[in-house]
Structures are given as C-alpha cells and as structure tokens.
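# Inside the fold
Okay, here's what each chain looks like letter by letter:
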Amino acid sequence: MNDDPDPILRPFIVTGGRTHPVDQRLRVETLVSAAPAALAAPLGFERRRIVELCRLPVSVAEIARGVGVPVGVARVLVADLLAERLVTIHASVTDTPNVTRELLERIRDGVRAL
C-alpha cells in the first residue's frame, strides 16, 4: 500500500515541475554511473539515492525502480546530475556499431528468462 498522500504531486515536486530531461540521450536502457566525488556532494533524498545506486553502472529503468519514481522522473533527475557532472552515461548497446540482430535477440531472451 502506498502511504504517499498524493502520488501525482510528489514527482512533480521532485522534478520542479519539469517533465522532460535536459539531456535527450537518456533512454530506459542507458547505463549511468556515479562520479567519484558524487557521494560527497550535498544532495537531496532522491538524488542521493540515485548516486548510491550508481556506484556500479545501472540503467535508467533500474534507477527509477530503486528510487521508487516513474521512469520520466528518473530521467529528469539523472539529467540534472549529468549536467552537474555527478554521474556519467555509457554508450548503450544500440549505439554500438557491431550490434547484430542475433545479439539483441539473445539479450531479449536472457531478460525474458529472468
């Protein structure tokens, strides 16, 4: 059960009313990792949690789940941290020129098996 009195209002407040990230490269599968100095930065609750989750590279989708916010909210927050150079993003599988359809299908099948 959700104890949040207004589950719609909370994400709006967390993002300052923004619904789109400042960096459009962020997709659900984009891998994000925290910069070494990020853990020492003075950050609010959600942003602190993102940095903690990103000690090792994790996807934007995993960040959303770990923080308990919609993916769109996670994208906005990660983009803010990226602009502040507290996190870095890694090339996604689809950005790599040597990706074959077979490889993508194997990844898909592996995820389904989970």
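Presented here is a report on the structure given in the accompanying data block. Keep in mind the model is a prediction, meaning the values are calculated, not measured.

What counts, and where the lines are drawn
Residues numbered from 1 in each chain as written. Predicted model: local features only at pLDDT ≥ 70, side-chain atom pairs only at ≥ 80, totals over all residues. Heavy atoms only, no water. Helix = DSSP H or I, 4+ residues; strand = E, 2+ residues; numbered from the N terminus. Buried < 20%, exposed > 50% of the residue type's maximum accessible area, 1.4 Å probe, protein only. Areas by Shrake-Rupley, 256 points an atom, 1.4 Å probe, with all protein chains shown as cover. Pairing = 2+ DSSP bridges. Contact = heavy atoms within 4.5 Å. Polar contact = N/O pair within 3.5 Å; in protein donor to acceptor, adjacent residues only side chain to side chain. Axes fitted to C-alpha atoms, helices over the stretch in contact; angles between N-to-C directions. Parallel < 35°, antiparallel > 145°, perpendicular 65-115°, else oblique. Salt bridge = Lys/Arg side-chain N within 4 Å of Asp/Glu carboxyl O.

In terms of regular secondary structure, the chain is built from 5 helices and 3 strands. Listing the helices and strands of the chain from first to last along the sequence gives α-β-α-β-α-α-β-α. Across the 114 residues in the chain, those meeting the buried criterion constitute 33%. If you sum the accessible surface of the chain, you get close to 7,600 Å²; carbon and sulfur atoms cover 59% of it.

As a further point, take the sheet that holds strand E3 (residues 87-90). Pairing is antiparallel across the open sheet formed by 3 strands, whose spatial order is E2-E1-E3. In this open sheet, the two strands that pair with only one neighbour each are strand E2 (58-59) and E3. As judged from the 4 bridges shared by strand E1 (residues 31-34) and E3, these two strands associate in the antiparallel manner. Bridge pairing in E3 places Leu31 opposite His90.

Looking at the secondary structure, you find Leu81 in helix H4 (residues 71-83). Given the relative accessible area of 0%, Leu81 is considered buried. Residues Leu81 and Ala35, 46 residues apart in the sequence, show an inter-C-alpha distance of 9.8 Å. In contact with Leu81, other than residues within four places in its own chain, are Leu43, Arg47, Ile50, Val51, Leu86 and Val87.

What follows deals with unusual backbone geometry. Located in the positive-phi region is Arg85, a residue other than glycine, with phi close to 60°. Residue classification places Arg85 among the exposed residues on the basis of a relative accessible area of 72%.

A separate point is the side chain of Ser33. Of note, Ser33 is situated in strand E1. With a relative accessible area of 10%, Ser33 lands in the buried category. A distance of 2.8 Å separates the side chain of Ser33 from the side chain of His90, its partner in a polar contact.

For any two helices packed against each other, one specifies the inter-axial angle together with the distance between the axes. Two elements in contact, helix H2 (residues 45-53) and H4, have axes whose closest approach is 10 Å; the angle formed by their N-to-C orientations is 75°. Considering their axes alone, H2 and H4 lie roughly perpendicular with respect to each other. Across the interface between the two elements, Glu46, Arg47, Ile50 and Val51 from H2 touch Leu77, Val78, Asp80 and Leu81 from H4.

Okay, the environment of Ser59 next. Looking at the secondary structure, you find Ser59 in strand E2. Remark: the alpha-carbon pair of Ser59 and Thr30, spanning 29 residues in sequence, is separated by 5.2 Å.

Per the stated rule, a full pass over the model turns up 2 salt bridges. Glu84 is the salt-bridge partner of Arg47, the closest N and O atoms lying 2.8 Å from each other. Here Arg47 is found in helix H2, whereas its partner Glu84 is found in the loop between H4 and E3, with 37 residues between them in sequence. Residue Glu52 is joined to Arg49 by a salt bridge in which the shortest nitrogen-to-oxygen separation is 3.8 Å. Pair noted here: Glu52 and Arg49 are both in helix H2, with a separation of 3 residues, about one helical turn. A relative accessible area of 30% means that Glu52 is categorised as partly exposed.

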